[in-house]
Amino acid sequence: MSEQQLFKVTIDNITIEVPAGTTILNAARKIGGDVAPPAMCYYSKLQGSGGKCRTCLVEVSKGSEKDPRPMPKLVASCRTTVMDGMEVKNITSPRVTDARAGVVEFLLINHPLDCPICDQAGECHLQDLGYDHGKAGTRYEFQRRTFHKVSLGDYIQLHMTRCILCYRCVFTADQMTAKREHGVLDRGDHAQIATFIERNLHNEFIGNVIDVCPVGALTDRTFRFKNRVWFTKPVDAHRNCPTCCGEVQLWMRGDEVFRVTARKDEWGEIKDSSDGKTGWICNTCRFEKKHISDWVIEGPSNINRHSVISQGHYVGVEKPAETFEKVMDGRKPRYFMDIHNVSEVNRPDIELSLLDGPATAKIFDEPQKDNK
Amino acid sequence: MKLLLEKAHIENIRLYDVYRREGGYRSVEKALKMTPDEIVDQVKRSGLRGRGGAGFPTGMKWSFIAKPEGVPRHLVCNADESEPGTFKDRYLMEFIPHLLIEGLIVSSFALGSNVTYIYIRGEYAWIVDILEQAIIEAKNNGWLGKNIQGTGFDCEIYVQRGAGAYICGEETALIESLEGKRGNPRIKPPFPAVKGVWDRPTVVNNVETLAAVVPIINMGGDEYAKIGVGKSTGTKLISACGNLNKPGVYEIDMTISVEEFIYSDKYCGGIANGRKLKACIPGGSSVPILPANLLLKTAKGETRYMNYESLSDGGFATGSMMGSGGFIVLDEDQCVVRHTLTLARFYRHESCGQCSPCREGTGWMEKILKNIEYGKGKMSDIDLLWDIQSRIEGNTICPLGDAAAWPVAAAIRHFRDEFEWHVFNPDECLKRNYGLAHYADERALAV
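Residues numbered from 1 in each chain as written. Chains lettered and ligands numbered in written order. Predicted model: local features only at pLDDT ≥ 70, side-chain atom pairs only at ≥ 80, totals over all residues. Heavy atoms only, no water.

*Asks:* Help me understand the domain arrangement of chain B, please; the structure alone is not making it clear to me.
*Replies:* A common way to express how large an interface is: the accessible area buried when the components associate. All names here are of chain B. As far as domains go, chain B holds domain 1 (16–226), domain 2 (232–331) and domain 3 (336–431). Here the C-alpha centre of domain 3 lies 35 Å away from the C-alpha centre of domain 1. Listed as interface residues are 13 residues of domain 1 and, on the opposing side, 9 residues of domain 3. Between domain 1 and domain 3 lies a buried interface of about 900 Å² when both sides are counted; carbon and sulfur atoms form 68% of it. The interface formed by domain 1 and domain 3 contains 0 salt bridges. (Domains from an automatic or database assignment. Contact = heavy atoms within 4.5 Å. Buried area = accessible area lost by both parts, 1.4 Å probe. Salt bridge = Lys/Arg side-chain N within 4 Å of Asp/Glu carboxyl O.)

*Asks:* Is there a simple way to explain the packing of helix α2 (residues 94–109) of chain A against helix α17 (residues 379–392) of chain B in this structure?
*Replies:* The description of two packed helices rests on the angle between their axes and on the distance between the axes. Packing of α2(A) against α17(B) brings their axes to within 10 Å, and their N-to-C directions diverge by 110°. Taken together, the axis directions place α2(A) and α17(B) in an arrangement best described as roughly perpendicular. On α17(B), the residues touching Asp98(A), Ala101(A), Gly102(A) and Phe106(A) of α2(A) are Ile388(B), Arg391(B) and Ile392(B). Grouping the constituent residues of the contact of α2(A) with α17(B) by class yields 4 nonpolar, 1 polar and 2 charged. (Axes fitted to C-alpha atoms, helices over the stretch in contact; angles between N-to-C directions. Helix = DSSP H or I, 4+ residues; strand = E, 2+ residues; numbered from the N terminus. Parallel < 35°, antiparallel > 145°, perpendicular 65-115°, else oblique. Nonpolar A, V, L, I, M, F, W, Y, C, P; charged D, E, K, R; others polar.)

*Asks:* Honestly, the interface of chain A and chain B in this entry has me stumped. Any pointers?
*Replies:* The interface is formed by 36 residues belonging to chain A together with 35 residues belonging to chain B. Summed over both sides, the interface of chain A with chain B buries roughly 3000 Å², with 50% coming from carbon and sulfur. With a closest N to O distance of 3.1 Å, Asp98(A) and Arg391(B) form a salt bridge. For the pair chain A and chain B, the interface holds 19 residue pairs in polar contact (both at pLDDT 80 or more). (Polar contact = N/O pair within 3.5 Å; in protein donor to acceptor, adjacent residues only side chain to side chain.)

*Asks:* I'm lost on the packing of aromatic side chains in this one. Help?
*Replies:* Any aromatic ring pair is given by two values, namely how distant the centres are and how the planes are angled relative to each other. Overall, the coordinates contain 22 aromatic pairs over all chains when judged by the stated rule. Seen from their ring centres, Tyr155(A) and Phe287(A) are 4.2 Å apart, and the 0° between their planes marks the pair as stacked. On the criterion of sequence distance, the pair formed by Tyr155(A) in the loop between β6 (149–152) and β7 (156–159) and Phe287(A) in helix α6 (residues 283–288) is long-range, its members being 132 residues apart. Members of the aromatic cluster, each reached through a chain of ring pairs, are Phe106(A), Tyr140(A), Phe142(A) and Trp364(B). Here Arg259(A) stacks its cationic end above the ring of Phe223(A), 4.9 Å away from the centre of that ring. (Phe/Tyr/Trp six-rings, centres within 6.5 Å; stacked < 30°, edge-to-face > 60°. Lys NZ or Arg CZ within 6 Å of the ring centre and 35° of its normal.)

*Asks:* How do you make sense of helix α8 (residues 171–178) of chain B when you look at a structure like this?
*Replies:* For the α-helix, the turn length of 3.6 residues means that residues three or four positions removed from each other point alike. With 8 of its 8 residues buried, α8(B) lies for the most part within the structure. Contacts made by the buried residues of α8(B) are with α4 (58–63), β1 (73–79), β2 (113–120), β3 (156–161) and β4 (202–206) of chain B. (Buried < 20%, exposed > 50% of the residue type's maximum accessible area, 1.4 Å probe, protein only.)

*Asks:* For this particular structure, what's the right way to read the sheet that holds β3(B)?
*Replies:* Across a sheet, paired strands are connected by hydrogen bonds in the backbone, their directions being either parallel or antiparallel. Residues and elements named next belong to chain B. Pairing is parallel in the open sheet, where 4 strands are placed in the order β3-β2-β1-β4. Two strands close off the open sheet at either side, each with one partner strand: β3 and β4. Here the strands of the sheet are splayed against their neighbours by 20° on average, with no regard to which way each runs. Two elements, β1 and β2, share 7 bridges in a ladder whose sense is parallel. By the bridge assignment, Arg73 is partnered in β2 with Ser113. Here α8 sits on the sheet and contacts β1, β2, β3 and β4; the angle it forms with β2, its principal contact strand, is near 100°. Of the strands in this sheet, β1 and β4 are in contact with helix α9 (residues 207–219), which crosses β4 at around 90°. (Pairing = 2+ DSSP bridges.)

*Asks:* In this structure, what is going on with the packing of helix α3 (residues 36–46) of chain B against helix α6 (residues 97–111) of chain B? I would like to understand it.
*Replies:* All names here are of chain B. Close contact between α3 and α6 brings their axes to 7 Å; oriented N to C, the two are set at 115°. Here α3 and α6 pass one another in a crossing that is left-handed. In this structure, α3 contributes Pro36, Ile39 and Val40 to the contact, and α6 contributes Val106, Phe109 and Ala110. Of the residues contributing to the contact of α3 with α6, the split by class is 6 nonpolar, no polar and no charged. (Left-handed = near helix turned anticlockwise from the far one by under 90°.)

*Asks:* Would you take a moment to explain the environment of Cys282(A) for this structure?
*Replies:* All names here are of chain A. Relative to the helices and strands, Cys282 resides in the loop between β13 (256–262) and α6. Cys282 sits in the buried class, given a relative accessible area of 0%. Put simply, Cys282 and Ile206 are 76 residues apart on the chain and 7.7 Å apart in space, counted from C-alpha to C-alpha.

*Asks:* Help me out: how do you make sense of α6(B) in this one?
*Replies:* Residues and elements named next belong to chain B. The terminal C-alpha atoms of α6 lie 21 Å apart, and with 15 residues this matches the ideal 21 Å at 1.5 Å per residue to within 8%. Buried residues dominate α6, accounting for 15 of its 15 residues. The first or second residue beyond α6 is Gly112, which carries a positive phi of 75°. (Expected span 1.5 Å × (residues − 1).)

*Asks:* Just to check I follow, could you spell out the pattern of salt bridges for this structure?
*Replies:* Evaluated as defined, the whole model comprises 47 salt bridges over all chains. One salt bridge connects Arg51(B) with Glu208(B), and the closest N-O pair in it is separated by 3.6 Å. Residue Arg51(B) is located in the loop between α3 and α4, and its partner Glu208(B) is located in helix α9; the two are separated by 157 residues in the primary sequence. With relative accessibility at 0%, the residue Glu208(B) sits in the buried group. Linked through salt bridges whose partners overlap, the residues forming this network are Asp98(A), Glu105(A), Arg139(A), Asp387(B) and Arg391(B).

*Asks:* Help me understand the pairing of strand β1 (residues 6–11) of chain A in this model?
*Replies:* Walk down a regular strand and you will see the side chains alternate between the two sheet faces. In this sheet, strand β2 (residues 14–19) of chain A lies alongside β1(A) in antiparallel orientation, the contact comprising 6 bridges. The residue of β2(A) that forms the bridge with Ile11(A) is Ile14(A).

*Asks:* Hey, could you run me through the domain arrangement of chain A in this one?
*Replies:* Residues and elements named next belong to chain A. When the domains of chain A are assigned, the result is domain 1 (6–103), domain 2 (142–220), domain 3 (229–312) and domain 4 (328–365). Computed from C-alpha coordinates alone, the two centres of domain 2 and domain 3 are separated by 22 Å. At the interface, 14 residues of domain 2 touch 15 residues of domain 3. Each partner contributes to the roughly 1200 Å² buried at the junction of domain 2 and domain 3, and carbon and sulfur atoms together form 52% of this total.

The following block contains the structure:
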């Protein structure tokens, strides 16, 4: 293999070396943090995606070492490859932040903003984008574009009103299925994602369009209105699935599995599974296996996206070295009850710290006797 | 001076026999004796600029085409003439179709394209028949097909109809549509010269550009470059419309002034009904509108001529563009706000919906303009319109976003008082019956 050429690129005054052919967006993601432009339509796992939403616009202030002229227009960083010696301005350029605020406003003028009843709320990329780059008010005072809700089969609900036409689901459906069934009808602001004449989608992997959707336009019908995502806790789990990699994230509340999704990385994209392929999961795993006994739990997921779903602060979780018994001086774990705080008031005669094991209802139910 | 439409008036010039008798297909005979590089060189020397709107030098575009070994190349003729106000290609193809076919054969030979396409807009249904008739005639006489005139060069021309989308006039959207896909513009790079139709190197040229190759070969590139002025060489077809005495397609040699073009009897013959000139869009609906004072004279007080440089003199602040040559003239009775609304409605309808600023912005602009036009506007709406257009311009994948933003920007820049009049006089702007006010029936005015 020939030696891969490395290009030096400076993004917001941070210099990094990346292989030739890398896009500006991916170079910025390598640096990470605020330097990475937001992307609503680009999805690194999907061929041909990107360039459409225009939120990732950046200013190229120096084209390359050979040709230092700046690029006249802002460029879509997800589709522009780096050149050696290129200098890019993202958050340091007022032109970029202004244009990005404009794009956010454009994306939101026809969006219903029905976050209070939307299943995507809390893990919605448009919400994040709006908080990061948008303004609190709107200058749009006209009726918003609306569509009927459509069910694409038993599992997927299409709520076109919320759609921002990123085309991710179109690419997913095209690249996963042999036959093209899913695309865009009409033009302009009345364009819509559709299957021709509301036909159902039957592919075994079609559930992945829900995962790639950055907004709440495609939602899981088995999860609709069941819970808010921030009440459920993400847990990594796997099962031996004959069709897919079987590595998923369970969204649980107590010991109830509310939702199953693929595992996502910090950019909200589906992670690679342990065999190195993209971790798409099949419909059976996603929609049918909603019982805890179907899965082998690996532990809490690490979520470091800055949205509301990371409120559990599962960043950098480490398993403690000690076991429960060691910490509790040999006492065996039993179910805890929530009577500790009231017992002081009701039965001050029972000294909790002297009990052998946790306080249970049984102790308090017994009539008072001289047990000291 | 006429080069393209010189023989258009001859009866039955549409037929091969008449066209050949009048000296047709001489350029093919001449070109087949030259090498492809010599033809490209002649086109380069001629200084021919793309007639579709952008005005990019054709010879340079041709020399950019990638020539990988074993990969076929294609030439595509862009006959998807959908720009409001532009109808020059229609005239050319309808009256003298063999000129286009002749230009296509020469250009295909120069570029090494064995399969050449004419992508024509769906609304020109009858012209498809005319072109196909011309192709059959050319083929029967040995100008197309296998081994043309015994030189060993093969060339086939196919006519492909579009389905009526303005966006398919953008070269990459045209290529997508030609491949049978949805007409969404591609993201450049890669440019069509590297990856075009079916990922093969492709050149997309306007009908008029390809037709102009014929006189260039006939008279030689240097001779052609002597016509016109500066970098605006050769002749240009201008389709004049609006409130003119003699609207129609005119061939000009880019040395005449705008004033002469509008007022002389040789061309448009002045403004209709004895009214005064108010404004004009000199190059098709996408280019900025100019008020009469800036149209006839530049901001520096020089006479404005009908050529690429002079029309764009002063940038967008006080100038416009040559564009595709759709010359739309507005007289004093026309309302610029209503006119801008019409254009905004068009661009909203024709936006492909791929990238967000254009998809959402064009609809928003149309709604605001509708409010202003119908007396529901506010002063802040005018500033909002300006802000929206500035956020669309330059931030989109293809030039349609710019094309939608420029007319609105120019209308506000030059006719802000008219927008304000609409805001301050909401009742009166509902009563006005634009353009018809002076000769309309009394009952029509009562509405």
